[in-house]
Amino acid sequence: MARWLLNSCILLLMAVGSLQARLILPQSLDDGQLETKGSALFAAPRVDDNSEGNYRLPNTTEPESYNVELWTNVHSGDTQFNGTVNIDLRVVELTTEIKVHYRQTSNFEASIISRDAATPTAIPLTVTPELTREFLVLTATSGQSFAADTNWTLTIKYNGTHRSDMGGFYISSYTDDDGKQHFLATTQFESTNARHAFPCYDEPARRANFTITIHHDPSYTAISNMPVNDDASSSGVTVFQTTPKMSTYLVAFIVSDFESTTGELNGLRQRVFSRKGKQDQQEWALWSGLVVESSLAGYFGVPFALPKLDQAGIPDFSAGAMENWGLATYREQYMWWNKENSTINLKTNIANIIGHEYAHMWFGDLVSVKWWTYLWLKEGFATLFSYESNDIAFPEWNTYQIYHVNDYNSALLNDALASAVPMTHYVQTPNEISNRYNTFSYAKPASVLYMFKNAWSDKVFRNGLNKYLTKNKYTSCDEWDLFASFQESANELGLTLPTSVDNIFSSWSHQAGYPLLTVTRNYQAGTFTITQKRYVADKADANVATWYVPINFATASKPDYRNTSATHYLLNVTETVFSDVQIASDDWFLLNLQNFGYYRTIYDVQNYGLIGDVLKSAPWKIHPRNRAQLLYDTYIFVNTERLSHSILLNLLSYLENEEQYAPWSTANTILTVYDRYLRGDDSYYNFQRFVQQQIEPIFAKIGVNEIPGEHYLNNYLRIVLVSLACQVGSSDCYTQSAQKLSEYLNNGTAIEATLRTQAYCAGLRSTTNAIYSRVQSDLLGSSDSTDRSLFISSLGCSGQTSQLLDFLGLSLDATNSLSYSERTSLLNAAYSRSEIGLTASLEFLESNWEAYAKLSETAKPLDAALRGIATYVVSEKQKTRLNALVDVVQAGGPTYLNDDLSSTIDSRITANFAWLDVNRDPVLNWIADSFSQSSGPSVTSSISTILVSAMALLLFRLF
């Protein structure tokens, strides 16, 4: 299943308290993925011993094929279904009972018949459900046992209920444009929900053939993994061709009135299904599916194994997407795209999600995992090839820059936490299995696989995957099967490794975390030394974990990033001296070409100085992804007191020459954090000027309007630049954004969908009251929830107190169209945006706290608002004012507050002030010193800030 990239980049807003980075991850990160819901907690490893406490099925029998027949009247909204399953099974060991899985089904009638006897007779079975482990224990009523090496057909009849929680065989619905409700039944079986649709051996290694028959209303159609068997089907009865041997969790079927769009490439038919009336938005998903499948089949050298490949958009879908073999399913909004109303980010995300699910058609479907311990063996590959398939199909996208700021950095952040677990991590219960769907099964293994794809060369990696898929198709594997294929490929292609693939790769899959490489140069001898230990935030931590680490490097004398193969390895030791190199003392030195390796690197101060010099004079001599990671690693090292602020700020000062997305996205992450904390400071204008100086050259080129024929990632870059430039008060950003919004509202000049959010926020930062009121009216008059959310968020961007107070007053007007959740979101839209917004929020509550508290008789909106404001308090003035307000409320309306409000506010403000104690002076003093030779930077900046609003207001009067 797929994780969804909610944004074009991971905006990792970081706050540091007590020198520890507190990472505020994006909403899409929930538990790391969207495929299944799970917490970040992991149970202790279990022993797979088939004991009574073991949740694994015993190995006494094994399935060979299933014939599943289902009856549903979902067309009418009926939630009941009936089923019969015939399982051809083989008895492996003498047993008196047969155990299969079930979930939330009942009224079982079971019998079994020999397939070995010449004149077999059905044997009635006693069915005993075991609720905790979800076993059906089947025993012969006569007490008969089942001998080893015998073959039987087990028949179970049962009743079920279509679930409403988007799991198993569940009911969903949609409402058409005429207000009519349409029902459908669909499936979501990963990881342990196939057992809800039919009793089965619901484990990934228990592969078998499936023949599915569905009885439904003739007005509906059914689709499944395989094409329809036309000869066996009739009106209201759809029979599907038999599948190859496959895992139960990959079986899928949908009964609906969906419509489809069809295409074909290289002889493979593909269709996209979704609700009626959306066919005009299916074309991008269809086209992406066609070219992505072709790209993957070509890369692996293994054709897609089934005769057709479908995609379907489901209205209610808990997962982001699901890789059912031959029938991938998605949340419907992850499938629809049109040029007029959809963003470039969504276009990329759809292709990326399709790449993820289609990669599963090989990794997970054609070759499945032996057990959920090895979930990474399919999800890591799917994550990696969501990017690689797009890079092949759409090379102009430069998609690995997106990978870098998303999955790669997400992996590094999460894998540094104390809660990190190894990629290979044993689990057993359904809950434990569900909890494996996280960074350590997706982003980390993708990053590790990408590292070896580069270190060993694409040729060796690709050849190894071909061997793995070809040798193991229609079977289930563990990591050692993969390692064996890589080893065979390395041997065959003459790749010399310092030890076996088993040793190298397992050092990454069997332990949590990743290395911090500390590089110390001997400038006289021209050599360098690398020490390794696990990266953790506490630099004094005595962690001694080590890895087999592939490395390579560039220097001023050889700035060549094309060949990313490893030139050296760190063996599984703490320190390695590299004396077979000669690096001139005045050459900069950079480890990890294109940032292919999954580790962080820290250099000595002198080398950072040399890198800073080349970044300012010739940034193109360092690869864009290396430039991005230099900034990010340095920022992390500053937060953990491994480096000084001056090194980071010196590196950041090269940005005025930067034009690539990944470095600017990374810089935006860093500068947004600084902006949040420094915006209440009397010297904030110096920080504003510093950022403006860096951003103005590229902003002048990019602007606020899309440019026909420009580089694809410029669309991503523009989003970052508009947001950051306007946040720090860039007059050009204010003027251009105000004009863009005005031309749309007054003249109907369309705003590009990709820029709509940024254009509204930036355009409302400094605008006329007439324009501001117009957007408020649009908010109150809109029936579109997405538009209403956009308007609320953007109205909070205003830099004028009077406008903000008018906006916040909407929360108290019971006659307008705002819902309760919308009313209580207005304050956050203001106080989270700016110092002016926070001050306006305090002013509003000082006069209206009691009315705001009474917005709900059960919830405590005032309490939530005060806590939220505290998160953004960064000055003594703000602190004093907030505490005074809390005192007033506690005296006049204590019932509106929770008992722990004061302690929570104190802890949040204390954390903010702790950040300022450590970071404020080093940052602002360095910036002040950098401007010390210019004439009157403070005066110039102040005048510029004052003029910005006047310029924008004048502009609006011209339209």
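Heads up: the structure comes first, above all this text.
Bear in mind the structure is a predicted one, so any value in this text is a computation, not a measurement. (Residues numbered from 1 in each chain as written. Predicted model: local features only at pLDDT ≥ 70, side-chain atom pairs only at ≥ 80, totals over all residues. Heavy atoms only, no water.)

Caption draft 1: Main features of the state of the cysteines. Inspection of every chain in the model, using the stated rule, returns two disulfides. The disulfide partner of Cys 726 is Cys 733, and the S-S distance across this bridge is 2.0 Å. Looking down the S-S bond of the Cys 726 and Cys 733 bridge, the torsion is -100°, so its handedness is left-handed. Just as Cys 726 is buried, Cys 733 falls in that class too. There is a disulfide in this structure between Cys 761 and Cys 797, and the S-S distance comes to 2.0 Å. When the S-S torsion is -105°, as for the bridge of Cys 761 with Cys 797, the disulfide is left-handed. (Disulfide = S-S within 2.5 Å. Buried < 20%, exposed > 50% of the residue type's maximum accessible area, 1.4 Å probe, protein only.)

Caption draft 2: Highlighting the environment of Ala 110. Here Ala 110 lies in strand β6 (residues 105-114). For Ala 110, a relative accessible area of 13% translates into the label buried. On a C-alpha basis, the gap between Ala 110 and Val 85 in space is 9.6 Å, while along the polypeptide they are 25 residues apart. Beyond its immediate stretch of four places on either side in the chain, Ala 110 contacts Ile 123, Pro 124, Leu 125, Val 127, Leu 138, Thr 155 and Ile 156. (Helix = DSSP H or I, 4+ residues; strand = E, 2+ residues; numbered from the N terminus. Contact = heavy atoms within 4.5 Å.)

Caption draft 3: Examining the sheet that holds β6 more closely. With mixed pairing, the nine strands of this open sheet are ordered in space as β5-β8-β7-β6-β9-β4-β3-β12-β14. Each of the sheet's edge strands pairs with one partner strand only, and the pair in question is β5 (97-101) and β14 (237-239). Taking each pair of neighbouring strands and ignoring which way they run, the sheet shows an average axis angle of 20°. (Pairing = 2+ DSSP bridges. Axes fitted to C-alpha atoms, helices over the stretch in contact; angles between N-to-C directions.)

Caption draft 4: Structural detail: the packing of helix α2 (residues 283-300) against helix α3 (residues 344-360). Their axes nearest at 9 Å, the elements α2 and α3 cross at an angle of 45°. Considering their axes alone, α2 and α3 lie oblique with respect to each other. Crossing geometry of α2 relative to α3 is assigned as right-handed. Residues Trp 284, Ala 285, Ser 288, Gly 289, Val 292, Glu 293 and Leu 296 of α2 touch α3, and the partners they reach there are Lys 347, Ile 350, Ala 351, Ile 354, Gly 355, Tyr 358 and Ala 359. When the residues that make up the contact of α2 with α3 are grouped by side-chain class, the tally is nine nonpolar, three polar and two charged. (Parallel < 35°, antiparallel > 145°, perpendicular 65-115°, else oblique. Left-handed = near helix turned anticlockwise from the far one by under 90°. Nonpolar A, V, L, I, M, F, W, Y, C, P; charged D, E, K, R; others polar.)

Caption draft 5: Local environment of the sheet that holds strand β17 (residues 268-274). Spatially, β16-β17-β18-β20-β19 is the arrangement adopted by the five strands of the open sheet, whose pairing is mixed. This sheet does not close on itself; its edge strands, each paired only once, are β16 (259-265) and β19 (321-322). Here β16 pairs with β17 via seven bridges, running antiparallel. Note on β17: the bridge partner recorded for Glu 259 is Ser 274.

Caption draft 6: Examining the pairing of strand β12 (residues 209-215) more closely. Counting buried positions over the seven residues of β12 gives six, a clear majority of the element. Relative to β12, strand β3 (residues 61-72) runs parallel, the two being bridged by seven bridges. What sits directly across from Ser 65, in β12, is Asn 209. Bridge analysis of β12 against β14 gives three bridges, and the strand direction is antiparallel. Looking at the pairing, His 215 lines up with Val 237 of β14.

Caption draft 7: View of the packing of aromatic side chains. Inspection of the entire model under this criterion finds 63 aromatic pairs. An angle of 75° between the planes, with centres 5.9 Å apart, marks the rings of Phe 189 and Phe 253 as edge-to-face. Linking Phe 189 in the loop between β11 (181-188) and α1 (194-197) with Phe 253 in strand β15 (residues 253-256), this pair joins segments that are 64 residues apart in sequence. Take Phe 189 and Phe 253: they sit in the same class, and that class is buried. On the basis of an interplanar angle of 55° and a centroid distance of 6.3 Å, the ring pair of Trp 508 and Tyr 598 is categorised as tilted. Of this pair, Trp 508 sits in helix α10 (residues 501-509) while Tyr 598 is found in the loop between β29 (589-591) and β30 (600-602), placing the two residues 90 residues apart along the sequence. In this pair, the class of Trp 508 matches that of Tyr 598, namely buried. One aromatic cluster is present, formed by Tyr 387, Tyr 400, Tyr 403, Tyr 408, Tyr 450, Trp 508, Tyr 514, Tyr 535, Trp 547 and Tyr 598 through successive ring pairs. Against the face of Tyr 677 rests Arg 676, its NZ or CZ located 5.2 Å from the ring centre. (Phe/Tyr/Trp six-rings, centres within 6.5 Å; stacked < 30°, edge-to-face > 60°. Lys NZ or Arg CZ within 6 Å of the ring centre and 35° of its normal.)

Caption draft 8: Molecular detail of unusual backbone geometry. Cis rather than trans, the peptide bond between Glu 190 and Ser 191 has omega equal to 5°. When you line up the elements, Ser 191 lands in the loop between β11 and α1. Positive phi outside glycine occurs at Asp 149, with the angle close to 65°. You can see Asp 149 is positioned in the loop between β8 (135-140) and β9 (150-161). Positive phi outside glycine occurs at Gln 594, with the angle close to 55°. Gln 594 gets classed as buried once you look at its relative accessible area, which sits at 16%.

Caption draft 9: Molecular detail of helix α19 (residues 769-781). Compared with the 18 Å implied by 1.5 Å per residue over 13 residues, the 18 Å span of α19 between its first and last C-alpha is a close match. Residues Ile 771, Tyr 772, Val 775, Gln 776 and Leu 779 constitute the buried set of α19. The arc that holds the buried residues of α19, viewed along the axis, is 140°, so those residues lie on one side. Projecting away from the buried face of α19 at angles above 90 degrees are the exposed residues Ala 770 and Gly 781. (Expected span 1.5 Å × (residues − 1). Arc of directions from axis to C-beta.)

Caption draft 10: The pairing of strand β20 (residues 327-331), seen in detail. The buried count for β20 comes to four of five residues, which makes it a mostly enclosed element. Judged from the five bridges that link them, strand β18 (residues 308-314) and β20 form a sheet pairing that is parallel. Its bridge partner being in β20, Ala 312 is matched across the sheet by Thr 329. In this structure, β19 lies alongside β20, joined through two bridges in antiparallel fashion. By the bridge assignment, Ala 321 is partnered in β20 with Tyr 330. Hairpin connection between β19 and β20: a loop of four residues separates the two successive antiparallel strands, and Gly 326 in this loop has a positive phi of roughly 85°.

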